[in-house]
Structure formats: structure tokens, C-alpha cells
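What the coordinates show
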Amino acid sequence: LPGTPKTVLILGGTREASRLARLLDTKENLRVITSLAGRTRTPETVAGECRVGGFGGIDGLVSYLREQRIDLLVDATHPFAGTISSNAEHAARQSGTRLMVFRLPPWKQVDGDVWRSVASLDEARAAIPPSSRVLLALGHQHIAGFAEHRDVHFVIRMVDPPDEPLPFQASEIILGKPGDLSAEEQLLRSRSIDHLVCRNSGGSASYAKIEAARKLSIPVIMIERPPVSSETVFTSIDELAACIY
Ligand code: NAP
């Protein structure tokens, strides 16, 4: 097809980005590069080529797009990874690179959910009642501010162990990724959790904790997403992939 891209750069770090790389890597006329920030110590392998680490802001990304002769840039990063998404938009415009954006649709409250929707980490912090027992399901770089609640017991889930001791008064760290419904229910029950703090990531990978909270009538302090500024946003990887080849 005329205009078919030859080299695709996927800004990844999500399950969906990896799935897109797998789909596109089967195409013979495409070179597929996935870019990871390098946040997790042992990232899962992705199909095609992979590069790791920041680009050095908008200018660095523009240089990379030019050097690697990228025909298409796909932003399939996490919905809360706002800096890289904004950089991608600017760099695509500056370099004249075609940009496609993928975002999982946000979760919606259903019957039985007890959500308090908030707009930011600060609001989430303020919404935690005194002396509660909270499962903090946020990226490790977002948890430090919660330590100001000295009377709250936090159970903190993270993928890798922290480099330094956490500043929390009372806390337990659970290493690993989210589990299925029964594992999440067991976690909430065994720690007598009475509040869950998380971000509205969308998708199935981390939804079981929301279902478990619903089952146990545990209130969820849900941090909603920042608005997306791009005009065209795909919500299906298959539809996005179909537009590429
Ligand atoms: P962020 O605040 O938007 O990005 C901070 C900086 O990290 C960016 O300015 C960029 O550095 C670098 N960066 C981010 N994503 C990158 C990528 N895919 N490739 C190369 N450099 C990248 O992002 P964040 O919230 O720290 O998240 C970092 C990454 O983790 C994202 O790629 C995101 O998709 C992933 N993530 C995944 C999950 C998940 O549940 N799977 C959750 C959160 C985050 P430079 O300015 O130097 O280019």
C-alpha cells in the first residue's frame, strides 16, 4: 500500500503495547521497535526490537525519530504516563512523524461499587479516613506523599523491592503484580483492608482488585485520568493494528 509505514516505534511499558508489537512483528514489511522507560528491573521480553531508557525530552525523541527514520510513532503508554505522551505529541509534530495514540477505556462504576473519584494524588491522600487500613495500588514513584498519614496502616504493592526503606510508619510491602479475583479478595480479607487507593487504568490486567473491593463492599478512592489532548485515540489494539497494514 502506498504510504505504508516501514519503521514503527511503539512507546510501551503496557500489556497492550506488547500485544501490538506481537501483532505488527508478524508483518514482513515492518520494522517494529518498542521503547521502554526502564522502570522495572526485569521487563517482559517484547516481539521485535526493544530499546530501554528515556530519550532526553522532546528534543531527544525528535532526534531518535530522525536517526531511526521512524515512519509511525505509536503512543501506547499507561494513561497516567503524561510526560512521555505529551513529549510524543510535540516530537511527532516537530519531526512531521505520524502519531497514533492508544488508550484503554477507563473503568466505569457498576452496581455495588463504592467509589470516591478524585482528580489527583493529593486529593486521594486527603480522602483517606483516619486510622484506616489501605491497600495502596500505585506505582512506587507515587506513594511517598501518603506517608504523612501516620495513623493509617498501608499495604503497598509494588513490582520491584524499593531501593531505600519507605518512610511509612506502619506498612507492609507486597511484591508482585496484581492477581486474579480470588487472590485479590484473599489479600483484602487477610489484611483487613477497609480502603483501596488506585488509578483508573482501565483494562483487565489490574481490574480484579476492583471486583474484589466490590464483593467486600470496600470503598475505592479512584484517581481519575488527566484529559487526553490528542484528537484521534484508539481504544482497541486490533483496530489500531488494522490501520497500520
Ligand atoms: P512519564 O512520567 O510520562 O515519563 C517520565 C519520563 O520517562 C519521560 O519523560 C521519558 O524520559 C521516560 N519515559 C516514559 N515512558 C517511556 C518509554 N516508553 N520509553 C522511553 N522513555 C520513556 O511516565 P511514567 O508514569 O514514569 O511511566 C513510565 C513508563 O512506565 C511508561 O512507558 C508507561 O507506559 C509505563 N507504565 C506502565 C504501567 C503499567 O501498569 N503497565 C503503569 C505505569 C507506567 P525522557 O524525557 O528522557 O524521554
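See the structure shown above.
Computed from a predicted model, the values in this text were never measured in an experiment.

Parameters at a glance
- Residues numbered from 1 in each chain as written.
- Predicted model: local features only at pLDDT ≥ 70, side-chain atom pairs only at ≥ 80, totals over all residues.
- Heavy atoms only, no water.
- Helix = DSSP H or I, 4+ residues; strand = E, 2+ residues; numbered from the N terminus.
- Buried < 20%, exposed > 50% of the residue type's maximum accessible area, 1.4 Å probe, protein only.
- Near = heavy atom within 4 Å.
- Polar contact = N/O pair within 3.5 Å; in protein donor to acceptor, adjacent residues only side chain to side chain.
- Nonpolar A, V, L, I, M, F, W, Y, C, P; charged D, E, K, R; others polar.
- Pairing = 2+ DSSP bridges.
- Axes fitted to C-alpha atoms, helices over the stretch in contact; angles between N-to-C directions.
- Contact = heavy atoms within 4.5 Å.
- Phe/Tyr/Trp six-rings, centres within 6.5 Å; stacked < 30°, edge-to-face > 60°.
- Lys NZ or Arg CZ within 6 Å of the ring centre and 35° of its normal.
- Parallel < 35°, antiparallel > 145°, perpendicular 65-115°, else oblique.
- Left-handed = near helix turned anticlockwise from the far one by under 90°.

So, unusual backbone geometry
Most peptide bonds adopt trans geometry, and most residues besides glycine take a negative phi value. For Arg-69, which is not a glycine, the phi torsion comes out positive at approximately 50°. If you trace the backbone, Arg-69 turns up in the loop between helix 2 (57-67) and strand 4 (72-75). The exposed category is assigned to Arg-69, whose relative accessible area is 68%. A positive phi angle, near 60°, is found at Ser-131, a position not held by glycine. Summarising the element assignment, Ser-131 is placed in the loop between helix 4 (121-126) and strand 7 (133-137). By relative accessible area, which is 55% here, Ser-131 ends up exposed.

Some remarks on the site of the ligand
Close contacts around the ligand come from 22 residues, with Ser-35, Arg-39, Phe-55, Gly-56 and Ile-84 the closest. In this structure, Phe-55 approaches the ligand through a main-chain N or O atom, which is 2.7 Å from an oxygen atom. One of the backbone N or O atoms of Gly-57 is found 3.0 Å from an oxygen atom in the ligand. The set of elements that each furnish at least two residues to the shell around the ligand consists of strand 2 (31-36) and helix 3 (82-95). No other element matches helix 3, which puts four residues into the shell around the ligand. Split by residue class, the shell around the ligand holds five nonpolar, 14 polar and three charged.

Some points on the sheet that holds strand 11 (residues 220-223)
With parallel pairing, six strands are arranged side by side in an open sheet as 6-11-10-7-8-9. Looking at the sheet topology across the chains shown, the edges are occupied by strand 6 (115-118) and strand 9 (170-175). Sheet twist, expressed as the mean angle between neighbouring strand axes with direction ignored, is 20°. Sheet topology places strand 8 (residues 153-158) next to strand 9; six bridges connect them, and they run parallel. Counted as the bridge partner of Phe-154 is Ser-171 from strand 9. Helix 6 (residues 208-215) rests against strand 6, strand 7, strand 8, strand 10 (195-199) and strand 11 of the sheet, and its axis sits at about 155° to strand 10.

What to know about the packing of aromatic side chains
On inspection of all chains with the given rule, the structure shows four aromatic pairs. Ring geometry for Phe-146 and Phe-154: centres 6.2 Å apart, planes at 75°, overall edge-to-face. Phe-154 shares its class with Phe-146; the two are buried. Taking 5.2 Å as the distance between ring centres and 70° as the angle between the ring planes, the aromatic pair formed by Phe-154 and Phe-168 counts as edge-to-face. Taken together, the positions of Phe-154 in strand 8 and Phe-168 in the loop between strand 8 and strand 9 put the pair 14 residues apart, joining distant regions of the chain. When sorted by exposure, Phe-154 lands in the same class as Phe-168, which is buried. What links up through ring pairs into an aromatic cluster is the set Phe-146, Phe-154 and Phe-168. Its end group placed over the ring of Phe-55, Arg-51 keeps NZ or CZ at 4.0 Å from the ring centre. One cation-aromatic arrangement involves Arg-125 over Phe-146; the distance from NZ or CZ to the ring centre is 5.8 Å.

So, the packing of helix 2 against helix 3
Contact pair helix 2 / helix 3: the axes reach a minimum separation of 9 Å and the direction vectors enclose 50°. With respect to their mutual orientation, helix 2 and helix 3 come out oblique. The crossing of helix 2 and helix 3 is right-handed. For the pair helix 2 and helix 3, the contacting residues are Gly-57, Ile-58, Asp-59, Leu-61, Val-62, Leu-65 and Arg-66 in the first and Asn-87, Ala-88, His-90, Ala-91, Ala-92, Gln-94 and Ser-95 in the second. A per-class count over the contact of helix 2 with helix 3 returns seven nonpolar, five polar and two charged.

As for the sheet that holds strand 4
Taken together, the six strands give an open sheet; going across it, the order is 3-2-1-4-5-12, and neighbouring strands pair in parallel fashion. With one partner strand each, in any of the chains shown, strand 3 (49-52) and strand 12 (233-234) form the two edges of the open sheet. Note: strand 5 (residues 98-102) against strand 12, two bridges, orientation parallel. Bridge pairing in strand 12 places Phe-102 opposite Phe-234. Docked against the sheet, helix 2 engages strand 1 (7-11), strand 2, strand 3 and strand 4, running at close to 150° with respect to strand 1. Sheet contacts for helix 7 (residues 237-244): strand 4, strand 5 and strand 12; angle to strand 5, the most-contacted strand, approximately 165°.

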